[in-house]
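Each chain is listed here by its residues.
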Amino acid sequence: MQEQINNPLHGKRLDTIIEYLVAYYGWEELGQRIAIRCFNDNPSVKSSLTFLRKTPWAREKVEQLYVKTILNK
């Protein structure tokens, strides 16, 4: 198995990423940065997980925002 030393997503669960972004930005700003319904219409971690697990393009946007956020911290 190949080690992923420089991958900031390695070992991060999707729910942990969402909780981090919500704590950092809040649901409203998160919904503005990534315009998907699960962030704007009655948002919750559970509904976000359900949607993001089925929608690769949206999950990729969330992961990109997370990496950008932790690297600019």
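Structural data are supplied above this passage.
The sections below set out a description of the structure shown in this document. (Residues numbered from 1 in each chain as written. Predicted model: local features only at pLDDT ≥ 70, side-chain atom pairs only at ≥ 80, totals over all residues. Heavy atoms only, no water.)

This brings us to the nonpolar core. Burial of nonpolar side chains together is a common tendency in soluble globular proteins. Formed by 18 residues in total, the largest nonpolar core has its most connected members in Leu21, Leu30, Ile34, Ile36, Phe39, Leu52 and Val62. For this core, the secondary-structure elements that each account for two or more residues are helix 1 (14–33), helix 2 (37–40), helix 3 (45–54) and helix 4 (56–71). Residue contributions to this core peak at seven residues, all from helix 1. Each residue touching Phe39, except ones within four places of it in the same chain, is listed here: Trp27, Leu30, Gly31, Ile34, Ser48, Leu52 and Val62. (Core = buried A, V, L, I, M, F, W, Y, C linked by side-chain atoms within 4.5 Å. Buried < 20%, exposed > 50% of the residue type's maximum accessible area, 1.4 Å probe, protein only. Helix = DSSP H or I, 4+ residues; strand = E, 2+ residues; numbered from the N terminus. Contact = heavy atoms within 4.5 Å.)

Another aspect to go through is helix 1. Helix length check: helix 1, at 20 residues, gives a terminal C-alpha distance of 18 Å against a target of 28 Å (1.5 Å per residue), a shortfall beyond 12%. Along its length, helix 1 shows its largest kink, about 95°, at Gly26. Among all positions in helix 1, only Leu14, Asp15, Ile17, Ile18, Leu21, Val22, Tyr25, Leu30 and Gly31 are buried. In the core, the buried residues of helix 1 are packed alongside helix 2, helix 3 and helix 4. (Expected span 1.5 Å × (residues − 1). Bend = angle between axes of the 7 residues up to and from the residue.)

It is worth spelling out unusual backbone geometry at this point. If you check the backbone angles, Asn42 has positive phi at about 55° while not being a glycine. Along the chain, Asn42 turns up in the loop between helix 2 and helix 3. On the basis of relative accessible area, Asn42 is assigned to the exposed category, the value being 66%.

Another point: the side chain of Asp15. Along the chain, the position of Asp15 falls in helix 1. Engagement of the side chain of Asp15 in a polar contact is seen with the side chain of Arg13, the distance being 2.7 Å. Setting aside chain neighbours within four positions, we find Asp15 in contact with Val45 and Leu49. (Polar contact = N/O pair within 3.5 Å; in protein donor to acceptor, adjacent residues only side chain to side chain.)

Moving on, we come to the packing of helix 1 against helix 4. One can describe the packing of helix 1 onto helix 4 by two numbers: an axis separation of 10 Å at closest approach and a directional angle of 95°. On the basis of their axis angle, the class for helix 1 and helix 4 is roughly perpendicular. Contact residues: Leu14, Ile17, Tyr20, Leu21, Tyr24, Tyr25, Leu30 and Arg33 in helix 1; Arg59, Val62, Leu65, Tyr66, Thr69 and Ile70 in helix 4. Broken down by class, the residue content of the contact of helix 1 with helix 4 amounts to eleven nonpolar, one polar and two charged. (Axes fitted to C-alpha atoms, helices over the stretch in contact; angles between N-to-C directions. Parallel < 35°, antiparallel > 145°, perpendicular 65-115°, else oblique. Nonpolar A, V, L, I, M, F, W, Y, C, P; charged D, E, K, R; others polar.)

Before going further, it helps to examine the packing of aromatic side chains. If you walk through the whole model with that rule in mind, you get five aromatic pairs. Centroid distance Tyr20 to Tyr24: 6.1 Å. Interplanar angle 15°. Geometry classified as stacked. In this pair, Tyr20 and Tyr24 both sit in helix 1, four residues apart, roughly one turn of the helix. Residue classification places Tyr20 among the partly exposed positions, given a relative accessible area of 22%. Tyr24 gets classed as partly exposed once you look at its relative accessible area, which sits at 44%. Seen in terms of ring centroids, Trp27 and Phe39 are 5.9 Å apart; in terms of plane orientation they differ by 45°. Their pairing is tilted. Of this pair, Trp27 sits in helix 1 while Phe39 sits in helix 2, and the two are twelve residues apart along the sequence. Residue classification places Trp27 among the partly exposed residues on the basis of a relative accessible area of 22%. Residue class for Phe39 comes out buried when judged on its relative accessible area of 2%. Here a set of aromatic residues connected by ring pairs shows up, and it is made of Tyr20, Tyr24, Tyr25 and Tyr66. (Phe/Tyr/Trp six-rings, centres within 6.5 Å; stacked < 30°, edge-to-face > 60°.)

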